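Coordinates in review
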Amino acid sequence: MFFRLADGFCTANQPNKLLLKIVYLDNGTGSWNLRYDTTNGMQEALSVTNTDSGQWRETSAVVSDAAMQHGGPRGADLILASQKGDCIFHLIEVQRVAD
């Protein structure tokens with residue numbers, strides 16, 4: 001899935017510090033990753049392999065080099081991609097983090 005943040009969410013031409021949070025269903029043994037637009041192209045923030053607990057899980061990463069200037073494929077700022085199997089997501093949250 002491709003996500004584009006609102007124009008002006010991040011300061012252009014400089015790295016931004018963000019908290020990226022995902023809520024997903026830990027069902028099966030599928031795997032997925034979250035990539036984000038940085039000042040140096042798309043980078044991986046998270047990589048998860050489900051453990052089949054059947055529980056809703058939350059995972060997060062703080063990144064300090066986010067650009068979010070629509071530099072990914074299809075103009076994306078975030079890409080949430082299944083690497084193996086079916087994955088179910090509930091929430092993607094993006095928060096600015098003060099230095």
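As shown above, the structure is provided for reference.
Here is a short report on the structure shown in this document.

Criteria and thresholds
Residues numbered from 1 in each chain as written. Predicted model: local features only at pLDDT ≥ 70, side-chain atom pairs only at ≥ 80, totals over all residues. Heavy atoms only, no water. Phe/Tyr/Trp six-rings, centres within 6.5 Å; stacked < 30°, edge-to-face > 60°. Buried < 20%, exposed > 50% of the residue type's maximum accessible area, 1.4 Å probe, protein only. Helix = DSSP H or I, 4+ residues; strand = E, 2+ residues; numbered from the N terminus. Lys NZ or Arg CZ within 6 Å of the ring centre and 35° of its normal. Contact = heavy atoms within 4.5 Å. Core = buried A, V, L, I, M, F, W, Y, C linked by side-chain atoms within 4.5 Å. Pairing = 2+ DSSP bridges.

1. Brief notes about the packing of aromatic side chains
- The final tally for this structure, using the stated rule, is two aromatic pairs.
- Seen in terms of ring centroids, Y24 and W32 are 5.2 Å apart; in terms of plane orientation they differ by 65°. Their pairing is edge-to-face. With respect to burial, Y24 and W32 carry one shared label: buried.
- On the numbers, 5.1 Å between centres and 90° between planes, the contact of W32 with F89 is edge-to-face. Here F89 lies in strand 7 (residues 88–96) and W32 lies in strand 3 (residues 31–38), a separation of 57 residues in the sequence.
- Members of the aromatic cluster, joined through ring pairs, are Y24, W32 and F89.
- Over the ring of F9 we find R96; its NZ or CZ atom is 4.1 Å from the centre of that ring.

2. Quick word on the side chain of H70
- Position of H70 among the secondary structure elements: in the loop between strand 5 (56–66) and strand 6 (78–84).
- With residues near it in sequence (within four places) discarded, H70 still touches R4, L5, D7, D37, G75, A76 and D77.

3. Thoughts on the nonpolar core
- Ranked by size, the top nonpolar core spans 21 residues in total, and within it L18, L20, Y36 and M68 carry the most contacts.
- Secondary-structure elements contributing two or more residues to this core are strand 2 (16–25), strand 3, strand 4 (41–49), strand 5 and strand 6.
- In terms of residue count, strand 2 provides more of this core than any other element does, four residues in total.
- Non-local contacts of M68, meaning those with residues more than four positions away in its chain, are made with L5, C10, L18, L20, Y36, D37, D77 and L78.

4. A closer look at the pairing of strand 3
- Taken across its eight residues, strand 3 has seven buried, putting it largely inside the fold.
- Here eight bridges tie strand 3 to strand 4, and the two strands are oriented antiparallel to one another. By the bridge assignment, D37 is partnered in strand 4 with M42.
- Turn length for the strand 3-strand 4 hairpin, with the two strands adjacent in sequence and antiparallel, is two residues.
- Strand direction decides the pairing type here: strand 3 and strand 6, joined by six bridges, are antiparallel. Directly across from S31, in strand 6, lies its bridge partner K84.

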